[in-house]
Amino acid sequence: MGFRNFLDQLDKSGELTHITKEVSTEYEIAGIISSLGERPVLFEKIKESKIPVVAGLVSSKKLIANSLNLERQNLLCSLSNAMENPKPPKIVTEGKCQEVIEKDFDLRQLPILKYTKKDGGQYIPSGVAIVKDPELGRNMCFHRLMLIGKNKFVARIVEERGTDTALKKAGGELEIAICIGNSTATLLSAATSLPKGVDELGMSNALEPTELVKCKTVDIEVPKNCEIVLEGKITREKAPEGPFLDLTGIVDRVRQQPVIEIKCITHRKNPIYQAILAGKNEHKFLMGMPMEPAIFRSVNEVCDCKDVYITPGGCSWLHAVIKIKKQNTDDGKKAIKAAFKGHKSLKHCVIVDDDIDIYDSNDVEWSLATRFQADKDAVVLPNMRGSSLDPSGDLTEGKKARTCKVGLDATIPSKTTGKGFKKVEYEKVDLKKFV
């Protein structure tokens, strides 16, 4: 339903908290967001900027589903369908994001937050970056951006990913547009790794209509109804980037990274700046949810997969619980191997039967307690490709991260001991008759 429409809906339903007192971008806003448990919040008066700040819009699966006009149980299939069937977005001549055009600006007037005392500076972690690969076309993703001057950021650009490969093909400089204040469809699509050459904005358009408008100073198209667009180029200049909290809630190291020079800012007449807390729920759901369909498809190739949940406790990246309808003795173990194939950064996974609520950690733990034997049902895979986000793995400089992966088959054993494996439910009663 778009960024503004969803904000209006939350306001009307009483789910949006308004902070009317003046607050600071330095630690204070981030602290309030965290203290509120990341529920939707709008800061109306910012000490360092005229632009209000909103946060918490994608801090739960319920909010994400509501913003896409979906039920929570339909999210997985809708995401999977949009990934597999992207729709080329329409390009129009006018967009709300270009109501105001500024070529004489100071980025320090934006309400860019400093989140913790360990941060290397003020950061934008919520900006969606769009570039054009000289061979493959448009690519959309996230880059955290550390403010280093009136018109400059230093960006964390992961090696060998879309932007990095496009930058190398372009000879070391590349035009870029950074969009702030986006629809949930655009945020989820930007966080998704699609096959090379597949436009993430096509996935966004498949989730909900996402029309684009051409930028004013760079040859890039952006969602016409986003709040703020920063137009510029990735330069050959490098600068230290970091430290900053990563997905795991641990401080990432300082690296020499590319500098982005901003040439122009366009925005709505009264823009709203969207903030996201690093290492918290919004960051986790945006990272983890797009990998759930990948695991779902992979597991469905070997058995009947019913649902997938990449858990927040596993940093929404390293742990997954996978529900299957078990039909063959080895379905659980086949599902484990397929899950690791579907999400190569996955470290631990638990396979459960279709009577288990994978969103209830007590139910999953009960399944492990009553249906799992480590010597028979654990799959241990040492020295596998891991995730650079896992601080316990082998993170030797210049090499791919390595780790030991473990899958736990917590499905009902095919050969039973005579004990039952199903929970006995009490009779349901109408309490109105008795209370």
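Residues numbered from 1 in each chain as written. Predicted model: local features only at pLDDT ≥ 70, side-chain atom pairs only at ≥ 80, totals over all residues. Heavy atoms only, no water.

K.L.:
Describe in detail helix H4 (residues 75-84), supporting the description with residues and values.
P.N.:
Listed as buried for H4 are Leu-75, Leu-76, Leu-79, Ser-80, Ala-82 and Met-83. For H4, the angular spread of the buried residues around the axis is 165°, confining them to a single face. Structurally, H4 contributes buried residues whose contacts are with helix H3 (61-67), helix H6 (184-190), helix H7 (200-207), helix H9 (291-300) and strand E19 (304-310). (Buried < 20%, exposed > 50% of the residue type's maximum accessible area, 1.4 Å probe, protein only. Helix = DSSP H or I, 4+ residues; strand = E, 2+ residues; numbered from the N terminus. Arc of directions from axis to C-beta. Contact = heavy atoms within 4.5 Å.)

K.L.:
Lay out the packing of aromatic side chains in plain terms, naming residues and giving numbers.
P.N.:
Summed over all chains, the structure comprises 3 aromatic pairs. Summarising the aromatic geometry, the rings of Tyr-115 and Phe-244 are spaced 6.1 Å apart at their centres and angled 75° between planes, so their arrangement reads as edge-to-face. Of this pair, Tyr-115 sits in the loop between strand E5 (100-102) and strand E6 (123-124) while Phe-244 sits in strand E15 (residues 244-245), placing them 129 residues apart in sequence. Taken as a pair, Tyr-115 and Phe-244 share a single burial class, namely buried. Between Tyr-309 and Tyr-359, the ring centres sit 4.6 Å apart and the planes meet at 50°, which makes this aromatic pair tilted. Of this pair, Tyr-309 sits in strand E19 while Tyr-359 sits in the loop between strand E21 (348-352) and helix H11 (361-371); the two residues are 50 residues apart in sequence, bridging distant segments of the chain. Grouping aromatic residues by their ring pairs yields a cluster made of Tyr-115, Tyr-123 and Phe-244. The ring of Tyr-359 carries Arg-72 above its face, with NZ or CZ at 4.2 Å from the centroid. When the ring centre of Trp-366 is taken as origin, the NZ or CZ atom of Lys-423, which lies over that ring, is 4.6 Å away. (Phe/Tyr/Trp six-rings, centres within 6.5 Å; stacked < 30°, edge-to-face > 60°. Lys NZ or Arg CZ within 6 Å of the ring centre and 35° of its normal.)

K.L.:
Quick rundown of the nonpolar core? Include the residues and the values.
P.N.:
In globular proteins that are soluble, nonpolar side chains generally tend to be buried together. The biggest cluster of nonpolar side chains holds 49 residues, and the ones touching the most others in it are Phe-43, Leu-107, Phe-153, Leu-230, Ile-262 and Tyr-273. In contact with Leu-230, not counting residues within four places along its chain, are Leu-107, Leu-110, Ile-124, Phe-153, Ile-176, Ala-177, Ile-178, Ile-180, Ile-262, Cys-264 and Ile-265. Judged by nonpolar contacts, the second largest core, of 35 residues, contains Leu-79, Met-83, Ile-130 and Ile-220. (Core = buried A, V, L, I, M, F, W, Y, C linked by side-chain atoms within 4.5 Å.)

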